[in-house]
Amino acid sequence: MTRPETRTETSPEAGQGGLAFAFRHCEELVREGDPDRYFATLFAPAAFRPHLFALAAFSLSIARVREAASNSMAGEIRLQWWRDALQGEARGDVRANPVAAALEDAIVTRRLGRQPFVDLIDARVFDLYDDPMPRVNDLEGYCGETASSLIRLSGLVLADGAEPGGAAAAGHAGVAYGITGLLRALPWHARQGQVYLPGDLLRQNGVTREDIVSGRGGPGLVRTCAELRALARRHLAACEAARATIAPAARPAFLPTALVEPYLAAMERSGYDPLNSVIEIPRWRRLWRLWRAARTGR
């Protein structure tokens, strides 16, 4: 496969500034594109932040492939380049891409396996097309291979070679966080023709894909979103139940989940419209929730 255009991801400075530039680039990318994870990472020990930002920047870059590519095939090519980069088969100097350079350093330095990153890429192929999410367990699997995987890998970085524990907790945390994020992004995804809501739930509630992408919505969509919020809370509770299995050093990897309940609660306010409401939390409140979770471990 040919290497895709990556003008938004590369810079001549990457080769000149080396890893220092690459890490700064990743941090800035996450700060602008995923502020919740950026703020959460600031509560981790400083020595681990560059590699945590590298992981988050990689995840963000993969998540943005659809919007960066002109069509599905171009997106497939971009994802293949990332697979090749992880497996040492990419054409050209991978280090010219600052995210790839920083990620490679994280993988080598923290002795991370490469397969979870490939699995994350494979899961994101779904994003390139307008195929339906068939069932609830497919949605849970998608969130597990994306959001849960990132939490687990972040825990491995923070443990610095030791077993961080909490594999099951990471699985539940990622599903709760992922479902919440997809519900928040529902208006944007609908305008793009994407539907991440499980088809089995939609059918039970009498909702069609056309109801969503056309902006009609309706009571059935409101019920579906309520059921997904309940599912997210069940996974959040399961994560809390397994919190004792997480090594103390790895707990900062779970900090983003401190924002799940406030976002879910915001969706239950009067006047909430799944296809039109913008769900945000004031920055001060997000920082307070993260600070409290960092102090209490919850």
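Before reading further, recall that the structure is shown in the block above.
Residues numbered from 1 in each chain as written. Predicted model: local features only at pLDDT ≥ 70, side-chain atom pairs only at ≥ 80, totals over all residues. Heavy atoms only, no water.

Asker: Is there a simple way to explain the side chain of His235 in this structure?
Answerer: Looking at the secondary structure, you find His235 in helix H13 (residues 219-241). Apart from residues lying up to four places away in sequence, His235 is in contact with Glu140, His172, Val175 and Ala176. (Helix = DSSP H or I, 4+ residues; strand = E, 2+ residues; numbered from the N terminus. Contact = heavy atoms within 4.5 Å.)

Asker: Even after reading the chapter, I still don't get a nonpolar patch on the surface, so can you show me in this structure?
Answerer: On the surface, Leu42, Phe43, Trp284, Trp288 and Trp291 cluster together into a nonpolar patch covering about 540 Å² of accessible area. Residue placement: Trp291 occurs in helix H15 (residues 283-296). (Patch = residues over 30% accessible without salt bridge, like charges linked within 9 Å, V, L, I, M, F, W, Y side chains within 5 Å. Areas by Shrake-Rupley, 256 points an atom, 1.4 Å probe, with all protein chains shown as cover. Salt bridge = Lys/Arg side-chain N within 4 Å of Asp/Glu carboxyl O.)

Asker: Can you walk me through the packing of aromatic side chains in this structure?
Answerer: The geometry of two aromatic rings is summed up by the distance between their centres and the angle between their planes. The final tally for this structure, using the stated rule, is 8 aromatic pairs. Aromatic pair Trp81 and Trp82: ring centres 5.2 Å apart, planes at 85°, arrangement edge-to-face. Of the two residues, Trp81 and Trp82, both sit in the buried class. Ring geometry for Tyr142 and Tyr196: centres 5.6 Å apart, planes at 50°, overall tilted. In this pair, Tyr142 sits in helix H8 (residues 136-159) while Tyr196 sits in the loop between helix H10 (186-191) and helix H11 (199-204), placing the two residues 54 residues apart along the sequence. Judged on exposure class, the residue Tyr142 and its partner Tyr196 are both buried. What links up through ring pairs into an aromatic cluster is the set Phe58, Trp81, Trp82 and Phe117. One Lys or Arg, Arg184, reaches over the ring of Tyr263 and ends 3.8 Å from the middle of that ring. (Phe/Tyr/Trp six-rings, centres within 6.5 Å; stacked < 30°, edge-to-face > 60°. Buried < 20%, exposed > 50% of the residue type's maximum accessible area, 1.4 Å probe, protein only. Lys NZ or Arg CZ within 6 Å of the ring centre and 35° of its normal.)

Asker: Sorry, what's going on with the nonpolar core here?
Answerer: The nonpolar side chains of a soluble globular protein tend to be buried, and buried together. If you look at the biggest cluster of nonpolar residues, it comprises 94 residues, and the most contacted ones within it are Phe58 and Ile212. When sequence neighbours within four positions are dropped, the list of residues in contact with Ile212 reads Leu186, Ala190, Val195, Leu197, Leu202, Val207, Leu221 and Leu275. (Core = buried A, V, L, I, M, F, W, Y, C linked by side-chain atoms within 4.5 Å.)

Asker: Got a minute to help me understand empty space enclosed by the protein in this structure?
Answerer: It is the rolling of a water-molecule-sized probe over the atoms that shows where space remains empty. By the definition in use, this model includes 2 cavities of 30 Å³ or more. Approximately 130 Å³ is the volume found for the largest cavity. Around the largest cavity, the lining residues are Arg37, Ala40, Thr41, Ala44, Leu52, Ala56, Leu150, Ser154, Leu158, Pro252, Ala253 and Pro256. Of all the secondary-structure elements, those providing two or more residues to the lining of the largest cavity are helix H2 (35-41), helix H3 (49-63) and H8. Put simply, the second largest cavity is a space of about 40 Å³. Lining the second largest cavity are Leu139, Ile179, Leu182, Leu183, Tyr196, Leu197 and Leu228. Sort the elements by how many residues they give to the lining of the second largest cavity and helix H9 (residues 167-184) lands first, with 3 residues. (1 Å grid on protein atoms, 1.4 Å probe; cavity = no way out; pocket = protein on both sides within 12 Å on 5 of 7 lines; lining within 4 Å. Points joined across faces, edges and corners; volume = space filled by probe spheres on them.)

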